[in-house]
Amino acid sequence: DAGITQSPRYKITETGRQVTLMCHQTWSHSYMFWYRQDLGHGLRLIYYSAAADITDKGEVPDGYVVSRSKTENFPLTLESATRSQTSVYFCASSEVNTEAFFGQGTRLTVV
Amino acid sequence: QQQVKQSPQSLIVQKGGISIINCAYENTAFDYFPWYQQFPGKGPALLIAIRPDVSEKKEGRFTISFNKSAKQFSLHIMDSQPGDSATYFCAARSGHGGATNKLIFGTGTLLAVQP
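If you're wondering where the values come from, they're calculated on a predicted model, not measured in any experiment.

Just to check I follow, could you spell out the overall build of chain B for this structure?
Regarding its fold elements, chain B presents zero helices and 11 strands. Along its sequence from the N terminus, chain B presents helices and strands in the succession β-β-β-β-β-β-β-β-β-β-β. Over its C-alpha trace chain B gives a radius of gyration of 14 Å, about what one expects of a compact globule, namely 13 Å for 115 residues. Each principal axis of the C-alpha distribution contributes one length, and for chain B these read about 45 × 30 × 25 Å. Here chain B, with 115 residues, has 46% of them falling under the buried criterion. Sequence-distant contacts, at least 24 apart, represent 54% of the contacts inside chain B between residues at least 6 apart. Averaging the locations of the 11 positively and 7 negatively charged side chains of chain B gives two centres separated by 5 Å.

Whenever I open this one, the sheet that holds strand β3 (residues 19-25) of chain B confuses me. Can you help?
Paired through backbone hydrogen bonds, the strands of a sheet run either parallel or antiparallel to each other. All names here are of chain B. As summarised here, the arrangement of the five strands in space is β1-β3-β8-β7-β6, forming an open sheet in which the pairing is antiparallel. Every interior strand has two partners, whereas the edge strands, β1 (4-7) and β6 (56-59), have only one. Each neighbouring strand pair of the sheet contributes to a mean axis angle of 15 degrees, computed without reference to strand direction.

Just to check I follow, could you spell out the pairing of β1 of chain B for this structure?
Within a regular beta strand, the side chains point alternately toward one face of the sheet and then the other, so they alternate between its two faces. Residues and elements named next belong to chain B. Only one face of β1 is covered, namely the face carrying Val4 and Gln6; the face carrying Lys5 and Ser7 is uncovered. When β1 meets β3, the two strands line up antiparallel, connected through four bridges. Bridge pairing in β3 links Lys5 to Ala24.

Which parts of the structure should I look at to understand the sheet that holds strand β7 (residues 64-66) of chain A?
Residue and element names in this part refer to chain A. As summarised here, the arrangement of the four strands in space is β1-β3-β8-β7, forming an open sheet in which the pairing is antiparallel. Across the chains shown, the open sheet's two edge strands, defined by having one partner strand only, are β1 (4-7) and β7. Taking the axes of each pair of neighbouring strands and ignoring which way they run, one obtains an average angle of 20 degrees across the sheet. Examined bridge by bridge, strand β3 (residues 19-25) and strand β8 (residues 76-78) share three bridges and lie antiparallel to one another. Bridge pairing in β8 links Thr20 to Thr77.

Which parts of the structure should I look at to understand the pattern of salt bridges?
Opposite charge on two side chains permits them to pair, given that their charged atoms come into close proximity. Residues and elements named next belong to chain A. For the coordinates displayed, the defined rule picks out five salt bridges over all chains. Residue Arg36 is joined to Asp38 by a salt bridge in which the shortest nitrogen-to-oxygen separation is 2.8 Å. For Asp38, the salt bridge goes to Arg44, with nearest N and O atoms at 3.0 Å. You'll find Asp38 and Arg44 in the same group, each marked buried. A single network of salt bridges, built from pairs that share partners, joins Arg36, Asp38 and Arg44.

Explain the interface of chain A and chain B to me, please; I cannot follow it from the model alone.
Interfaces are frequently sized by the accessible area removed from exposure as the parts join. Across the boundary between the two partners, chain A contributes 23 residues, which contact 24 residues of chain B. Counting the surface lost from both chain A and chain B, the interface buries some 1,900 Å², and carbon and sulfur atoms represent 48% of this. Contact with chain B buries surface across chain A, with Leu43, Asn97 and Phe102 of chain A losing the most and accounting together for 27% of the total. At the junction of chain A with chain B, the criterion picks out zero salt bridges. Put simply, the parts of the chain that give the side of chain A that touches chain B at least two residues each are β4 (31-38), β5 (42-51) and β9 (87-94) of chain A. Taken together, the residues of the side of chain A that touches chain B sort by class into 10 nonpolar, nine polar and four charged.

Each value, and the rule that gives it
- All residue numbers here refer to positions counted from 1 along the written sequence of the relevant chain.
- Just so you know, chain letters begin at A and ligand numbers begin at 1, following the order they were written in.
- Only residues with pLDDT of at least 70 get local features here, since the model is predicted, and only at 80 or more are side-chain atom pairs given and counted; chain-wide, interface and lining totals rely on the full set of residues.
- The basis for the side-chain values is all heavy atoms of the structure; hydrogens and waters are excluded.
- Strands are runs of DSSP state E lasting at least 2 residues, helices are runs of H or I lasting at least 4, and numbering of each runs from the N terminus.
- Radius of gyration: over C-alpha atoms. The globule rule applied is 2.2 Å multiplied by the number of residues raised to the 0.38 power.
- Here's how the labels work: a residue is buried when its accessible area is under 20% of the maximum for its type, exposed when over 50%, partly exposed in between, all with a 1.4 Å probe on protein chains only.
- Only heavy atoms matter for contacts: two residues are in contact if any of them lie within 4.5 Å across the pair.
- For the purpose of counting charges, residues Lys and Arg are taken to be positive, whereas Asp and Glu are taken to be negative. His and the chain ends are not included.
- To locate a charge, the coordinates of NZ of Lys, CZ of Arg, CG of Asp or CD of Glu are taken.
- One bridge is not enough; two strands pair if DSSP finds at least two bridges between them.
- Fitting a line to C-alpha atoms yields each axis, with helices limited to the stretch in contact; the angle taken between N-to-C directions then spans 0 to 180 degrees.
- Salt bridges are counted wherever a side-chain nitrogen of Lys or Arg sits within 4 Å of a carboxyl oxygen of Asp or Glu.
- As a working definition, buried area equals the accessible area (1.4 Å probe) given up by two parts on being put together, with both sides summed.
- Polarity classes work like this: nonpolar for Ala, Val, Leu, Ile, Met, Phe, Trp, Tyr, Cys and Pro, charged for Asp, Glu, Lys and Arg, and polar for all others, with Gly in that last group.

Put into structure tokens, the structure is as follows:
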């Protein structure tokens, strides 16, 4: 199916564990983004990528790692999860100066 | 640092009424201003967008008003319907060279349209 998909949709993990959220898009868009959504803060950019092997920090990158070895995939890793990283995470993709398309989100709970 | 400020945080409107959500920005390099609509359990989806060379853009019941000198823009939903109940986000993007292409979002407005 064409589009942008995130997995898993829901995840519960323990403090200190490493967890990876997956994002896959089928449009071959150049740009991919990771946002977190928290009440009162809206959507905040964690990391973004302009192309394969090119990534850069957004507003709230601390505690997160990304990679982009293939154009279609943009995984987000929490190296040592903390309770403050409990959130809903959204992946998005776009071409230059075009609409950004969002995935369905991953609800992550760190206990 | 919140580069895009959005208000109100929540809004209740009667069916058929006008919903108005306001946003203000600081960075004059922004040159693309979209509004996204998000239903519970879903990702945000583009609703309507404007560039600063026009003062208004209308698509059906949705209108963006843009005031470049005041660095403000707003979303007007005419004849609001219960199906419009959702969270609305304004956003802004700098198009300088397309170098980053990243969207900066406001904090969101939860709209409830009462039947």
